[in-house]
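# A structural walkthrough
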Amino acid sequence: MTQRRYIIGGNWKMNTDLETGMALASQVADVASTCEACDVVVYPPFPYLQAIDSVISSSPVALGSQNFWPEASGAFTGEVSCDMLKDLSVTSVLVGHSERRHVLHESNALIAQKVDFAIERDFQVVLCVGETIEQREAGNTLDIVLGQLQSGLESVNHESMKNIVIAYEPVWAIGTGKTASAEDAQAVHGAIREALASRYDDNVASSTRIQYGGSVKPENAKELFACPDIDGALVGGAALSGESFAAIIEAAC
Ligand code: 13P
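None of the values given here were measured: they were computed from a predicted structure.

Right, let's get into the state of the cysteines. Per the stated rule, a full pass over the model turns up one disulfide. Bridging Cys35 to Cys253, the disulfide has an S-S length of 1.8 Å. Every disulfide takes its handedness from the sign of the S-S torsion; for Cys35 and Cys253 that torsion is -120°, giving left-handed. In this pair, Cys35 is assigned in the loop between helix H1 (18-33) and strand S2 (38-43) and Cys253 in the segment after helix H11 (242-252), connecting sequence segments 218 residues apart. Since its relative accessible area comes to 5%, Cys35 is described here as buried. The structure places no disulfide on Cys38, whose sulfur is separated from the nearest cysteine sulfur, that of Cys35, by 3.4 Å. With a relative accessible area of 5%, Cys38 lands in the buried category. Lacking any disulfide linkage, Cys128 is separated from the closest cysteine sulfur, that of Cys82, by 15 Å. On the accessibility criterion, Cys128 (1% relative accessible area) is buried.

Moving on, we get to the environment of Pro70. Here Pro70 lies in the loop between strand S3 (62-65) and helix H3 (82-87). On the accessibility criterion, Pro70 (3% relative accessible area) is buried. Aside from chain neighbours lying at most four places away, what touches Pro70 is Leu110, Gln113, Lys114 and Phe117.

A few words on the pattern of salt bridges. In total, this model carries 12 salt bridges according to the counting rule given. Where Glu106 meets Lys114, a salt bridge forms, and the shortest distance between an N and an O atom there is 2.9 Å. Using a relative accessible area of 10% as the deciding quantity, one classes Glu106 as buried. In this structure, the salt-bridge partner of Asp184 is Arg136, at a minimum N-O distance of 3.8 Å. With Asp184 in helix H8 (residues 182-199) and Arg136 in helix H6 (residues 133-137), the pair connects residues that are 48 residues apart, well separated along the chain. For Asp184, a relative accessible area of 34% corresponds to the partly exposed category. Each of the salt bridges in this network shares a partner with another, and the network as a whole consists of Arg4, Arg193, Asp229 and Asp231.

Moving on, we come to the site of the ligand. Around the ligand, the structure places 13 residues, and the nearest of them are Lys13, His97, Gly175, Ser215 and Gly237. One nitrogen or oxygen atom from the side chain of Lys13 is found 2.8 Å from an oxygen atom belonging to the ligand. Gly236 places a polar main-chain atom, nitrogen or oxygen, 2.9 Å from an oxygen atom of the ligand. In the complex, the protein chains occlude 95% of the 310 Å² of accessible area that the ligand would expose alone. For the shell around the ligand, the class distribution of residues is four nonpolar, seven polar and two charged.

Criteria and cut-off values
- Residues numbered from 1 in each chain as written.
- Predicted model: local features only at pLDDT ≥ 70, side-chain atom pairs only at ≥ 80, totals over all residues.
- Heavy atoms only, no water.
- Disulfide = S-S within 2.5 Å.
- Helix = DSSP H or I, 4+ residues; strand = E, 2+ residues; numbered from the N terminus.
- Buried < 20%, exposed > 50% of the residue type's maximum accessible area, 1.4 Å probe, protein only.
- Contact = heavy atoms within 4.5 Å.
- Salt bridge = Lys/Arg side-chain N within 4 Å of Asp/Glu carboxyl O.
- Near = heavy atom within 4 Å.
- Polar contact = N/O pair within 3.5 Å; in protein donor to acceptor, adjacent residues only side chain to side chain.
- Areas by Shrake-Rupley, 256 points an atom, 1.4 Å probe, with all protein chains shown as cover.
- Nonpolar A, V, L, I, M, F, W, Y, C, P; charged D, E, K, R; others polar.

In structure tokens, the structure reads:
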């Protein structure tokens, strides 16, 4: 089986200011420098990308973007292009995050378009999938998650899968303090990996990293990372404190 490196992402969402963001990035750079077993990515708000890059550029921490618009340039007021992100040393992008699906109403079609656009420009694409509480309670978790997966990867070929990371983030666990149990998370991660095997092949399935996201904290990180199909975490709230994000990174080291 392919050895997968853990990947820990800190999604800062619409939080921090310039000063606290730079201080946080510096703490993340320090801890990432001591951990060789995992990849660390931070996703700061757009206005701080350049400043955060100046803090992490000589560390192993990669710079990520929470969003972009899938056109090269033009009349898209308020949007940011992939080439602009490239200029700022961004290498990873989030696509399909639940807040963009449910709060900003991004459709599966737009999400697939974004995946293709960013893959063509050689970004690492973190495709986020996850069910709402109503969908879980109705027993539809796998239909929803695997449907989002299939739709997001519709035009992604074998070769491009090396640039894809999947993040399973149950919507009901995001920012609520409720984490999926390690068993429940593992069951969905296992199903995602099986779906990758049937859509692609065993090689793609065993080499694609699948992060868990949703109230990951230092207290539950180790148990989640011990699951065979959980390859790291996409962290929101706990990524805003240098201490707690460091503890999560250390749990993967
Ligand atoms: P929380 O860790 O705050 O639940 O957020 C998870 C998330 O949405 C990461 O993208």
